[in-house]
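# Understanding the architecture of this molecule
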Amino acid sequence: MQILLEDPTTTCLSPSVYDMICKLGFEVRESRDINSIVTQNGEVCWKAITDCVIYTQSAQALDYQGSVRLLGPVCEVIHLHLSSLTKGQFEIQYVPWLQWTSSPELFAEIFDALESLQSPAISLSLMKLTACLERALGDVFLLIGKECPFLLRDLLASEELAQVFGLSVMNVLRVFVGSPCGLNLRNVLWHGFAAPHEVPPMYCSTMVVLTAGMGQLLKSYLQQNKLTWAPRPLIALPDLEDGAVFPEVTREVLSVLEEVMKKSTFVLGTMLPYWEVALIRFKSHRFADCAILLLTQLETGLRHLFATINKCPQRLLTAESTALYTTFDEILAKHLNDGEINQLPLFLGEPAMEFLWDFLNHQQGPRVRDRLSHGEINLPEFPKGVTDQLLTFSTVLLLRFVEEELASVFKEKAAIQSLVHLAEGYSAHFHPMSLLRKQTFSSQVLSCEKSIRAWPLLPLPREAEEARLECSSEINACNSLIIKITHELYHHVPENHGVFTDLDNRPIEKWPRLLRELCGIRVPTLFCPRAVLEVLTVLQNIVRCCTHVSHQVVASWVRRHQQWAEKTLRSRQRQNFVRMSWSIKLLSPVLLLILLLIALELVNIPEVHGKKTDEYQQYLKFLKSILQYTENLEAHTSPEKNKWIETIRLTHTALLRMWTFSEKKQMLIHLAKKCTSTAVL
């Protein structure tokens, strides 16, 4: 489905926010002496700046408008000062004071951007500066506090930072980046509200000098309190590996995007320079810069679509100082604030929504916007693969907002046609359910089971018969339960995935194939209820334990078998090795049985939402008992304990519990209707 959006907006800032950012700082026309603000050595005279921050008559709150007016001349003279410096002078005077940010090289880039006078580059610089500053301030907080606030506004309002820098300094920061009532430069840029020309360069220059000044204050605090500065290391975002659906971006794709972004109504006219710079940065191998610009502009375009398709008030398009912004959180949600269904997910379709949730929201996904905007990522090491995915997704998305005839021309290109096909077939990679399916499919338990079957039968000593008799009754009982439970589970395998023709003859050799087929069945993951996520967490932990047990079993068997062959085992060790051989014969099918149960429950996971509260609690209790069994198994099969007879007893108890619960017909497989035409990826 295609739609053409109207572009009536000349700004995405409300009148009051526009005035705050674009006008108030220029109202007071007075000349300030730079030497009263910054010394020749680059030391910041804070009193000249903090005196410009004023308070309401009751002195209970900051007067943000009044403060911005008074700070305007200070910002202007700071900007003129930085503009008069050579890069060498800047590096001598200021870079030493910027080492505390862990990214001093970033400020040399910001200096270049300011010198270039290019608005998009200056806005990008300010975004990177605020992210870097937030990370550094969090490190300062942790000198005193324990749990760093997630939001910058809470961090700036903390007593811990006031203790290090002083309350008056923190209030200056709050005027610039810490409150929607102030300039709020961080949020209006990172959420895609401010067009390039709407951010006065003098505010970027001032933020550079303020950051250097805070470095000076921090040095004094560390010396006075005899503390060592130890910032948290930045994260090197890993490449996507299996999470990359789209191929590397080619010149042809870049060429198409260059044309499409000028024609697509998804791109607001005032924001087009950001898109142009994003492509320039990509071609220059500045992948983090490209990703930052793409993410902010995707939010801008999606907010425009959100407001249009949901028929929201016009103010939702703008940054307001008196109302919550409409950000990715609201745009990608299932419901609107009034409880009505959000129409945007229905319009975009599940594949596009899954992509956005994968890259922005899922905890085990890259969460690129969060990590970039909070300064957690090492920018020079930002992976090209992530930017490739964002660029390709953007290309396909923008094509949906051009004239149909023009879109058809672009889609006739083989490369674009292929990308559209991949986008339409996208499924979640980082949702807990997707990760669990992948975890189950590739579980080392399968390879462990295969290797155990491949080992030749070892000649066992006379003690073997005694070991068999020692627990033979429990082994027989376990085998009987495995057959009964397997028979029950198999009745709930989707009919077109049956790999056995004889219910009484289900060879274990075919189980891996069945698991792979079950894990290939597509299950809806978008907007999963909390109960489903809770169940998934338990299932993930069960698979993790099974995998660890399989590793331990293989390692122990290889080690003991070698010692057996070399006749270096003592008498008690020989007895334990014999017990281990009998235990393994039981353990292998049990682990596979658990994986089969999990795979079947995953296929029917939406049924969790239909359970009554007491039924759900009973079901969760049952799953946690299986988790407890696998955790105990993990402990008993460890090299330190090596308790193989105990594993047989634990297994018998667990199988009894599984059979008892199965008889109650309370598993998800029992609640679901028999499927005869399951769609497979």
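Above this text sits the structure in question.
This text gives an overview of the structure that appears in the document. Keep in mind the model is a prediction, meaning the values are calculated, not measured.

## A closer look at the overall build of the protein
Per the secondary structure count, the protein includes 30 helices and zero strands. Within the protein, buried positions represent 55% of all 681 residues. In the protein, once contacts between residues fewer than 6 apart in sequence are set aside, the share between residues at least 24 apart is 78%. As displayed, the protein has an accessible area near 30300 Å², and 52% of this comes from carbon and sulfur atoms.

## Examining the nonpolar core
Counting residues in each nonpolar core, the largest one holds 156 residues, and the members touching the most others are Phe-90, Phe-165, Phe-176, Leu-348 and Phe-382. Of all the elements, helix α14 (residues 287-309) adds the most residues to this core, at 13 residues. The residues contacting Phe-165, other than those within four sequence positions of it, are Trp-100, Leu-137, Val-140, Met-170, Met-214, Leu-217 and Leu-218. Among the nonpolar cores identified, the runner-up in size contains 72 residues, and Tyr-490, Val-523, Ala-654 and Leu-655 belong to it.

## Some words on the side chain of Glu-299
Relative to the helices and strands, Glu-299 is located in helix α14. With near-sequence residues (within four places) excluded, Glu-299 lies in contact with Trp-190, His-191, Thr-326, Thr-327, Phe-328, Ile-331 and Arg-369.

## Section: the environment of Leu-591
Tracing the sequence through the fold places Leu-591 in helix α27 (residues 571-603). When the C-alpha atoms of Leu-591 and Thr-630 are compared, they prove to be 8.9 Å apart, with 39 residues separating the residues in sequence.

## Some points on the environment of Lys-23
Take Lys-23: it is sitting in the loop between α1 (15-22) and α2 (46-50). Taking the C-alpha atoms as reference points, Lys-23 and Val-68, 45 residues apart in sequence, are found 9.6 Å from one another.

## Looking at helix α6 (residues 119-144)
Over its 26 residues, α6 extends 38 Å from the first C-alpha to the last, a length consistent with the 38 Å expected when each residue adds 1.5 Å. Among the 26 residues of α6, 22 are classified as buried, and the element is accordingly described as predominantly covered.

## Overview of the side chain of Glu-634
The residue Glu-634 is located in helix α28 (residues 613-636) in this model. A relative accessible area of 14% means that Glu-634 is categorised as buried. Sequence-distant contacts of Glu-634, defined by excluding residues within four places in its chain, comprise Arg-544, Cys-545, His-548, Val-549 and Gln-552.

## Details of the pattern of salt bridges
Under the defined criterion, the tally for this structure stands at 22 salt bridges. Note that Asp-289 is salt-bridged to Arg-281, the shortest N-O span being 2.6 Å. Here Arg-367 and Asp-370 are joined by a salt bridge, their closest N and O atoms 4.0 Å apart. Through salt bridges that share partners, Glu-109, Lys-128, Arg-281, Arg-286 and Asp-289 make up one connected network.

## What about unusual backbone geometry?
Unusually for a residue other than glycine, Ser-102 sits at a positive phi of about 70 degrees. Tracing the backbone through its elements, the reader meets Ser-102 in the loop between α4 (87-93) and α5 (104-116). If you check the backbone angles, Leu-117 has positive phi at about 65 degrees while not being a glycine. Looking at the element boundaries, Leu-117 is found in the loop between α5 and α6.

Analysis parameters
Residues numbered from 1 in each chain as written. Predicted model: local features only at pLDDT ≥ 70, side-chain atom pairs only at ≥ 80, totals over all residues. Heavy atoms only, no water. Helix = DSSP H or I, 4+ residues; strand = E, 2+ residues; numbered from the N terminus. Buried < 20%, exposed > 50% of the residue type's maximum accessible area, 1.4 Å probe, protein only. Contact = heavy atoms within 4.5 Å. Areas by Shrake-Rupley, 256 points an atom, 1.4 Å probe, with all protein chains shown as cover. Core = buried A, V, L, I, M, F, W, Y, C linked by side-chain atoms within 4.5 Å. Expected span 1.5 Å × (residues − 1). Salt bridge = Lys/Arg side-chain N within 4 Å of Asp/Glu carboxyl O.

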